[in-house]
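# Summary of structural features
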Amino acid sequence: MAAFPWHARSRNYVSESEMCKLESIPLDFGDYHPLKPITVTESKTKKMNRKGSTSSTSSSSSSSMLDPLSSVLDGTDPLSLFAAAADPVTTAATMDSTRKKRDKDDSSAVGSDFEPWSSKRGDILARYTTTEKLSINLYMGSEKGKATTTGSAVSEKVRTRLEELDDLEEGSQKELLNLTQQDYMNRIEELNQSLKDAWSSDQKVKALKIVIQCSKLLSDTTVIQFYPSKFVLITDILDTFGKLVYERILSMCMDSRVSLPDNFSPESVNDTAKETCLNWFFKIASIRELIPRFYVEAAILKCNKFLSKMGISECLPRLTSMIRGIGDPLVAVYARAYLCRVGMEVAPQLKESLNENFFDFLLTFKQIHGDTVQNQLVVQCVEIPLYLTLYSPAIDWILQCIAYRAPEVLLTEMMERCKNLGNNALLLNSIMSAFRAEFIAARSMDFIGMIKECDESGFPKHLLFRSLGLNLALADPPESDRLQILNEAWKVITKLKNPQDYINCAEVWVEYTCRHFTKREVNTVLADVIKHMTPDRAFEDAYPQLQSIIQKVITYIYDFSLLFSVEKFLPFLDMFQKESVRVEVCKCIMESFIKHQQESTKDPVILNALLHICKTMHDSVNALTLEDEKRMLAALINGFIKMVSFGRDFEQQLSFYVEARSMFCNLEPVLVQLIHSVNQLAMETRKVMKGNHSRKTAAFVRACVAFCFITIPSLSGIFTRLNLYLHSGQVALANQCLSQADAFFKAAVSLVPEVPKMINVDGKMRPSDTFLLEFLCNFFSTLLVVPDHPEQGVLFLVRGLLNVIQDYTWEDNSDDKVRIYTNVLHLLSAMTQEAYIYHVDKVDSNDTLYGGDSKFLTEINKLCETVIAQILDHLKTLGKEETLKRQSQLALHFFNTILAHGDLRNNKLNQLSVNLWNLAQKHGFADTSTMVTTLEYIKKRSKQPEMSHFTDLALRLPLQSRT
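Residues numbered from 1 in each chain as written. Predicted model: local features only at pLDDT ≥ 70, side-chain atom pairs only at ≥ 80, totals over all residues. Heavy atoms only, no water.

The chain has the name VPS35 endosomal protein-sorting factor-like in an unreviewed UniProt entry, where Strigops habroptila is given as its organism. Turning to the chain, the UniProt annotation filed under Subcellular location (unreviewed entry) states: "Endosome". UniProt lists a comment for the chain under the heading Sequence similarities (unreviewed entry), and it reads "Belongs to the VPS35L family." (UniProt positions renumbered as here; feature names shortened; annotations may be inferred.)

Here it is, written out as structure tokens:
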């Protein structure tokens, strides 16, 4: 193949830039401007007519611009017309009644701020466990329970069901003994499933029997410490039963497949549904035992809505009275809790009944200390403090229901009743847990007085102070009482001997201390915690609480100069001996620093402390550490590095980066950040010196460059290294470190052959071609301004890079090599210009060094001929049928390169461009619209000065239509 000499066209970049600018057209806006405020025009309509507007308007303000909305509406505002038409008195009355109704709804309905029972369920099951053996009575079903055939008489069906109920009362059940807790829970779940199965198979009486049998289990307190969990499990079955009955009756109310609205009235319920509902209540009323009768009726309490408007309000007091017949105080209080639970669901507005329920409990509270209960506890070997904790879930729930959106006066009443009972600790704790924190905080000193007078034998005082502290973490007490409150609480807390009891209280009160006091008080509290938790390594069992304390301290003291001046803060961190916990604490501290530190710092106290914390995180990295964890740790350390600044003391800054490199060598993203930071430091030095380095700054910049050159090879990512070599070389070049820049660029060239075919990108293997192409294009742009080394040949870096590209093994189906060669032509064309398009300040590029020397231009043209030959050889290899489309695309791409950079007055180059144009269209793969646009561009260019030869070219470029 004959060689094609390359003739680059001469470019005048300044004139080309001026030609490409958009033409500026002066506009006269007058008074109009799109950002000018709109003038609102108030219009008064005198007359309106459908056929046409004959209204006249008077305006309170004028505007030169018409309002499009006003013109459409003919100067009238429909909302204003409605407002004018309405009677203001009527409107005010309507709004007032609506507001009252809304306020009433808000007070009666249960909102999202009410913590549901479901959120407490898991905690109760986890807390109240047992290792003792349990027993359960299972209902043994019979064939009688199955649905009767349609041919059976109604009287026979009724008789059968009555016999089944009697059969249950007589003991058609099987007792399972010696069950573990898990076996017991599995059996209860089986009963729940049996209930659903019986219901779905229309065995309603069998379903009722299961529910009655389960309810009876709630009268059994033989394993008393498991009772709260048993209550949770059994009431789940009761809830299921209540839902099934309600939905069954509701489905009977459907008329023409239209269900009743949520707020339906009993009048809209048909007689069949009412009769069925009554039938259920009659069946339940026939249950002989009190506890199952109470629980089953409470479960279907909502069904009263089908019978009468006042049904629920009448049933609640009656059910409350029924509980008075339950002798065991523990069983009774949980029955009250269930009634409150159902009551809040179906009738939250009936707070009076719920209050009465609780006051009944207070009247019978003394039973807890009666002989019957004491004897039972002796038999089961249960201490009174443990027994009292069994009441907590029930009392807490009852009080939560009563206190929900309750007025402050109710708290006063509760406190008085608590005092009348001798300041019972259990009750007092539940009151503080239930009422709004603002109410409790306002009476903090009153509660402290009541806590002091409590009897500590049954319920420890430190738990009461913990509950008070939880409230004070949410609301502030009176300012005058704050220090006294802390002193009173800490007197009790610091005397606790049990480390677990101590830390549970201290954790809560640390937040109160941080909220309202200075670092002096915080330091005192931290010192006390260290004193209590260090003996016998008690801190090893309290890592969650200690972590919580650290989190609270850094939440309120986020000025790190102040934080690290707290004398006991770093010794407190030393208690975290377990590595995983220690790292988590360090991460919390660093996240807080990055979030709150607004300005860079050079405070040695902060730097030393945070370097130690970052070193702890770094040293936790090992072969098993997940990539996500590494990224997170690296991001935190990088955030710290970015916030360190020594101002104009650049040498101290570099020393810090050197120290950081030695400390964080196992985290590649940190090393990358350090390289970028050092490069930025070199550029800041250049900026300060305005490009004119002194001997001292020149030596400093070379030290920065050396830091990068030494650090980059330690990185594993191939493209990370390539890009950093290029970036660092650009920085070296900008700082007139020419030999160092050459070293970076040589290292990049020598690294290109090591680029693998596939690389890992975000956990997925992807071809590296596109990444390599992007890097090389960037590299070419830099090589334009890199001056040749006096001891090397002409364009030695370009030649070396071309050799590497030639020897690189490319994919058979890839055309990236040719695309790279076309970019090389762009570079070489730019190098032939008298003045390059851009320069590096105070660095002489080859246009200055060679001054357009003919030998230099000859060398460039020889390189161009070699590159063109490579491109044409590749186009020739694409002559097979399966690669013709690629050939067409590459031919057009090469044509555009010649069009942009070649001197088409040269006959050979002109002929080559025509051949490429024809080759692009030869097999019908060229995009017609692209070809038409390209031809139009050539014709447009031909009208420009010194471009007349484009006219002849355009005549030689035919457009072939597809056939």
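Having seen the model, we can carry on.
## Here we look at the overall build of the chain
In terms of regular secondary structure, the chain is built from 45 helices and 4 strands. Counting every position in the chain, which comprises 963 residues, the buried fraction comes to 48%. Contacts in the chain between residues at least 24 apart in sequence constitute 73% of all its contacts with a sequence separation of at least 6. (Helix = DSSP H or I, 4+ residues; strand = E, 2+ residues; numbered from the N terminus. Buried < 20%, exposed > 50% of the residue type's maximum accessible area, 1.4 Å probe, protein only. Contact = heavy atoms within 4.5 Å.)

## Quick look at the packing of aromatic side chains
Counting across every chain of the model gives 39 aromatic pairs. With 5.2 Å between their ring centres and 80 degrees between their planes, tyrosine 387 and tyrosine 391 make a pair best called edge-to-face. Exposure class is identical for tyrosine 387 and tyrosine 391. Each is buried. Note on phenylalanine 564 and phenylalanine 569: the rings are 5.9 Å apart at their centroids and 70 degrees apart in plane angle, and the pair reads as edge-to-face. Ring pairing ties together the aromatic residues Phe114, Trp117, Tyr227, Phe231, Phe294, Tyr295, Tyr334, Tyr338, Trp397 and Tyr404, which thus form one cluster. Geometry around tyrosine 246 places lysine 302 over its ring, the cationic atom sitting 4.5 Å from the centre. Here the basic side chain of lysine 757 rests over the ring of tyrosine 808, its NZ or CZ set 4.5 Å away from the ring centre. (Phe/Tyr/Trp six-rings, centres within 6.5 Å; stacked < 30°, edge-to-face > 60°. Lys NZ or Arg CZ within 6 Å of the ring centre and 35° of its normal.)

## Describing the pairing of strand β4 (residues 764–767)
As paired elements, strand β3 (residues 758–761) and β4 share 4 bridges and run antiparallel to each other. If you follow methionine 758 over to β4, its bridge partner there is proline 767. Between β3 and β4, which pair antiparallel one after the other, the connecting turn spans 2 residues, and aspartate 762 there sits at a positive phi close to 55 degrees. (Pairing = 2+ DSSP bridges.)

## Some details on the nonpolar core
In terms of nonpolar packing, the biggest core is built from 310 residues, with Phe358, Trp509, Val529 and Phe640 touching the most fellow members. With residues near it in sequence (within four places) discarded, phenylalanine 640 still touches Met590, Phe593, Ile594, Leu607, Leu610, Leu611, Cys614 and Phe656. (Core = buried A, V, L, I, M, F, W, Y, C linked by side-chain atoms within 4.5 Å.)

## What about the confidence of the model for the chain?
Here the chain averages 84 in pLDDT, and 86% of its residues register 70 or above. A low-confidence stretch, residues 70–75 stays under pLDDT 50, and its non-local contacts, those more than four residues away or across chains, total 6 contacts. This model gives residues 142–154 a pLDDT under 50, and the stretch forms 9 contacts once residues within four places in sequence are excluded. (pLDDT = per-residue confidence, 0-100.)

## A word on the environment of glutamate 521
Structurally, the position occupied by glutamate 521 is in helix α25 (residues 519–533). Overall, glutamate 521 belongs to the buried group, its relative accessible area being 18%. Through-space distance from the C-alpha of glutamate 521 to that of valine 510 is 9.7 Å; in sequence the pair is 11 residues apart.

## A look at helix α41 (residues 854–877)
Between its first and last C-alpha, α41 extends 35 Å over 24 residues, near the 34 Å set by a 1.5 Å rise per residue. Residues Phe856, Ile860, Leu863, Cys864, Val867, Ile868, Ile871, Leu872, His874 and Leu875 constitute the buried set of α41. Turning to α41, the residues buried within the fold contact α38 (796–807), α39 (816–831), α40 (846–850), α42 (884–901) and α43 (907–921). You can read the cap of α41 off the contacts: a side-chain oxygen lies 3.0 Å from the backbone nitrogen of lysine 855, and it is on aspartate 853. (Expected span 1.5 Å × (residues − 1). Polar contact = N/O pair within 3.5 Å; in protein donor to acceptor, adjacent residues only side chain to side chain.)

## A closer look at the packing of helix α32 (residues 650–663) against helix α34 (residues 695–711)
Interaxial distance between α32 and α34 falls to 11 Å at its minimum, and their mutual angle equals 15 degrees. Taken together, the axes of α32 and α34 lie roughly parallel to each other. Along this stretch, α32 crosses α34, giving a crossing that reads as left-handed. Judged by residue contacts, Phe650, Glu651, Leu654, Tyr657, Val658 and Arg661 of α32 engage Lys696, Phe700, Ala703, Cys704, Phe707, Ile710 and Thr711 from α34. (Axes fitted to C-alpha atoms, helices over the stretch in contact; angles between N-to-C directions. Parallel < 35°, antiparallel > 145°, perpendicular 65-115°, else oblique. Left-handed = near helix turned anticlockwise from the far one by under 90°.)

## Topic: the pattern of salt bridges
Counting across every chain of the model gives 31 salt bridges. For the salt bridge of arginine 443 with glutamate 408, the shortest nitrogen-to-oxygen distance reads 2.5 Å. Linking arginine 443 in the loop between α20 (437–442) and α21 (444–452) with glutamate 408 in helix α18 (residues 408–420), this pair joins segments that are 35 residues apart in sequence. Two residues, aspartate 476 and arginine 515, come together in a salt bridge whose shortest N-O distance is 2.3 Å. Note that aspartate 476 is positioned in the loop between α22 (461–472) and α23 (482–493) and arginine 515 in helix α24 (residues 499–516), a separation of 39 residues in sequence. Residue classification places arginine 515 among the partly exposed residues on the basis of a relative accessible area of 28%. Residues joined by salt bridges that share partners form a network here, namely Arg324, Arg336 and Asp360. (Salt bridge = Lys/Arg side-chain N within 4 Å of Asp/Glu carboxyl O.)

## Considerations on the side chain of lysine 552
By the secondary structure assignment, lysine 552 is in helix α26 (residues 543–556). Look past the residues within four positions of lysine 552 in its chain and what remains in contact with it is Glu507, Val508, Glu511 and Cys514.

## Notes on helix α29 (residues 579–596)
For α29, which comprises 18 residues, the first-to-last C-alpha distance of 26 Å matches the rise-based estimate of 26 Å (1.5 Å per residue) to within 8%. What α29 keeps buried is the set Val581, Arg582, Val583, Val585, Cys586, Lys587, Ile589, Met590, Ser592 and Phe593.

## Digging into the side chain of asparagine 424
Locating asparagine 424 in the fold gives a position in the loop between α18 and α19 (425–434). A polar atom in the side chain of asparagine 424 sits 3.0 Å from the backbone nitrogen of leucine 427. Apart from the residues lying within four places of it in its own chain, the contact partners of asparagine 424 are Phe365, His369, Cys418 and Cys454.

## A few points about unusual backbone geometry
Backbone geometry places aspartate 536, a non-glycine residue, at a positive phi of 60 degrees. Tracing the backbone shows aspartate 536 in the loop between α25 and α26. With relative accessibility at 78%, the residue aspartate 536 sits in the exposed group. Of note, glutamine 736 is a non-glycine position whose phi angle comes to about 60 degrees, a positive value. With respect to the helices and strands, the residue glutamine 736 is situated in the loop between α35 (718–734) and α36 (738–751). The exposure class of glutamine 736 is partly exposed, given its relative accessible area of 30%.

## Concerning the environment of histidine 949
Here histidine 949 shows up in helix α45 (residues 949–955). Put simply, histidine 949 and leucine 904 are 45 residues apart on the chain and 7.5 Å apart in space, counted from C-alpha to C-alpha. Other than its neighbours up to four places away in sequence, histidine 949 contacts Leu904 and Arg905.

## A look at the state of the cysteines
Per the counting criterion, the structure on display carries 0 disulfides. The closest cysteine sulfur to the non-disulfide-bonded cysteine 737 is located on cysteine 704, 9.2 Å from its own sulfur. (Disulfide = S-S within 2.5 Å.)

## A few points about the packing of helix α13 (residues 329–346) against helix α14 (residues 351–363)
The description of two helices packed together rests on the angle between their axes and the distance between the axes. Where α13 meets α14, the axes come as close as 10 Å, and the angle between the chain directions of the two elements is 170 degrees. Classified by the interaxial angle, the pair formed by α13 and α14 is roughly antiparallel. Only Lys351, Leu354, Asn357, Asp360 and Phe361 of α14 make contact with α13, whose side of the interface consists of Val333, Arg336, Leu339, Cys340 and Met344. Its residues placed into classes, the contact of α13 with α14 shows 6 nonpolar, 1 polar and 3 charged. (Nonpolar A, V, L, I, M, F, W, Y, C, P; charged D, E, K, R; others polar.)

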